[in-house]
Amino acid sequence: MTSIAVIPARGGSKRIPRKNIKNFHGNPLISYSIRAAINSGCFDRVIVSTDDEEIAEIAIRYGAEVPFIRNEKLSNDFSGTTPVIQDVIEKLENPNLEYICCIYATAPMISSKDIITGLNTIKAKLDCDYAFSITSYAFPIQRSLLLQKEGRVSMHNAEMFDVRSQDLEECWHDAGQFYWGTKQAWQEGLPIFSSNSIGIKIPRYRVQDIDTLEDWDMAEILYRAWRQG
């Protein structure tokens, strides 16, 4: 059995320029994902898929491989993750490849232990296509609000107004850290969010999307608290 990690990291981030290699608590952001992958011991190869020479150089410096530079067609604002993984599988041409873990470059609080749990989970479940990180919503989504004109609000599910919070089902969302998948699932483009996927629970204090500068500031605060805790 061969397992690889694929870390997609294109160079064209617009809202946070050069986000994937921006300094985060003393190191390039992508380095945290590379280190977690290497330290997990799960992978025969840790590969960064990028269209950017500087990102490639930094990735190699921190122990990853960049066996090729990604095609421009897979590096625009509309490029999805699955085609990038498929591109790596196709280029490697490894018949022994069984599991691929996509790890996002913007997950500084990713844990090697969670990566290991993901691999053990997907190996143990015969009908499992993917095992990926999830976390719970901080507030009941059944009581979400819609914002109308002039700032007026309405409930998304008004029938939930009188339901006690403890009686509402806990809901979860993609934590945006890692996605284990079988080679077949990635190649066929099977949906990740389906009943053939298993969620690996991550505590909320280690989860933060980093799409805006406000997100970045929050991620730095959470990371500092996590490391000092």
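Cut-off values and rules
- Residues numbered from 1 in each chain as written.
- Predicted model: local features only at pLDDT ≥ 70, side-chain atom pairs only at ≥ 80, totals over all residues.
- Heavy atoms only, no water.
- Helix = DSSP H or I, 4+ residues; strand = E, 2+ residues; numbered from the N terminus.
- Rg over C-alpha atoms; globule rule 2.2 N^0.38 Å.
- Buried < 20%, exposed > 50% of the residue type's maximum accessible area, 1.4 Å probe, protein only.
- Contact = heavy atoms within 4.5 Å.
- Lys, Arg positive; Asp, Glu negative; His and termini not counted.
- Charge placed at Lys NZ, Arg CZ, Asp CG, Glu CD.
- Core = buried A, V, L, I, M, F, W, Y, C linked by side-chain atoms within 4.5 Å.
- Phe/Tyr/Trp six-rings, centres within 6.5 Å; stacked < 30°, edge-to-face > 60°.
- Lys NZ or Arg CZ within 6 Å of the ring centre and 35° of its normal.
- Patch = residues over 30% accessible without salt bridge, like charges linked within 9 Å, V, L, I, M, F, W, Y side chains within 5 Å.
- Areas by Shrake-Rupley, 256 points an atom, 1.4 Å probe, with all protein chains shown as cover.
- Salt bridge = Lys/Arg side-chain N within 4 Å of Asp/Glu carboxyl O.
- Axes fitted to C-alpha atoms, helices over the stretch in contact; angles between N-to-C directions.
- Parallel < 35°, antiparallel > 145°, perpendicular 65-115°, else oblique.
- Left-handed = near helix turned anticlockwise from the far one by under 90°.
- Nonpolar A, V, L, I, M, F, W, Y, C, P; charged D, E, K, R; others polar.
- Pairing = 2+ DSSP bridges.

J.: Explain the overall build of the chain residue by residue, including any values.
T.: The secondary structure content of the chain amounts to six helices and 10 strands. In terms of overall dimensions, the chain is globule-like: its C-alpha atoms have a radius of gyration of 19 Å, near the 17 Å expected for 229 residues. If one aligns the C-alpha atoms of the chain with their principal axes, the spans along those axes are about 55 × 40 × 40 Å. Buried residues in the chain amount to 45% of all 229 residues. In the chain, the share of contacts with a sequence separation of at least 24, taken over all contacts with a separation of at least 6, comes to 73%. Measuring between centres, the 25 positive side-chain charges of the chain sit 4 Å from its 30 negative side-chain charges.

J.: With reference to specific residues and values, describe the nonpolar core.
T.: By size, the foremost hydrophobic cluster in this structure holds 36 residues, and its most contacted members are Ile30, Phe43, Val48, Ile103, Ile115, Phe178 and Trp180. Elements with a contribution of two residues or more to this core: strand E1 (2-8), helix H1 (29-40), strand E4 (45-49), helix H2 (53-61), strand E5 (97-103), helix H4 (112-124) and strand E9 (172-182). Ignoring anything within four residues of it in the chain, the contact list for Phe43 reads Ser3, Ile4, Ala5, Ala37, Cys101, Ile103, Ile115 and Trp180. In this structure, Val6, Leu92, Phe132 and Trp186 belong to the second largest nonpolar core, which totals 18 residues.

J.: Help me get a handle on the packing of aromatic side chains, residues and values and all.
T.: One pass over the structure, following the stated rule, counts 10 aromatic pairs. Consider the rings of Phe24 and Trp216, whose centres lie 5.5 Å apart with planes at 75 degrees: the pair is edge-to-face. Of this pair, Phe24 sits in strand E2 (residues 23-24) while Trp216 sits in helix H6 (residues 213-228), and the two are 192 residues apart along the sequence. The exposure class assigned to Trp216 is buried, which follows from its relative accessible area of 4%. A network of ring pairs unites the aromatic residues Phe24, Tyr32, Trp216, Tyr223 and Trp226 as a single cluster. Against the face of Trp226 rests Arg227, its NZ or CZ located 4.2 Å from the ring centre.

J.: Give me the lowdown on a nonpolar patch on the surface, citing residues and values where you can.
T.: Taken together, the side chains of Leu145, Leu147 and Val153 present a nonpolar region at the surface, about 340 Å² in accessible area. Examined against the element boundaries, Val153 turns out to sit in strand E8 (residues 153-155). With relative accessibility at 55%, the residue Val153 sits in the exposed group.

J.: I'd like a rundown of the packing of H1 against H4, residues and numbers included.
T.: In the contact formed by H1 and H4, the axes pass within 8 Å of each other and the chain directions differ by 55 degrees. It follows from the interaxial angle that H1 and H4 lie oblique. In this structure, the crossing between H1 and H4 has a hand that is right-handed. Of the residues in H4, those touching H1 at Arg35, Ala36, Ala37, Asn39 and Ser40 are Ser112, Ile115 and Ile116. Residue composition of the contact of H1 with H4, grouped by class: four nonpolar, three polar and one charged.

J.: Lay out unusual backbone geometry with the relevant residues and their values.
T.: At His25, a residue that is not glycine, the phi angle is positive and equals roughly 50 degrees. Position of His25 relative to the elements: it lies in the loop between E2 and strand E3 (27-28). Owing to a relative accessible area of 31%, His25 belongs among the partly exposed residues under this scheme. Positive phi, close to 60 degrees, is recorded for Glu150, a residue that is not glycine.

J.: Describe the pairing of E1, and please don't skip the residues or the numbers.
T.: The buried fraction of E1 is high, at seven of seven residues. Of the two faces of E1, the one holding Thr2, Ile4, Val6 and Pro8 and the one holding Ser3, Ala5 and Ile7 are both buried throughout. One ladder, built from five bridges, connects E1 with E5; its direction is parallel. From the neighbouring strand, Thr2 faces E5, where its bridge partner is Leu97. With five bridges joining them, E1 and E4 adopt parallel strand pairing. Counted as the bridge partner of Ile4 is Arg45 from E4.

J.: How would you sum up the sheet that holds E9? Please name residues and give values.
T.: Pairing is mixed across the open sheet formed by six strands, whose spatial order is E4-E1-E5-E9-E6-E10. Edge strands, defined here as strands with exactly one partner in the open sheet, are E4 and strand E10 (197-201). On average, adjacent strands in this sheet sit at an angle of 25 degrees to one another, irrespective of strand direction.

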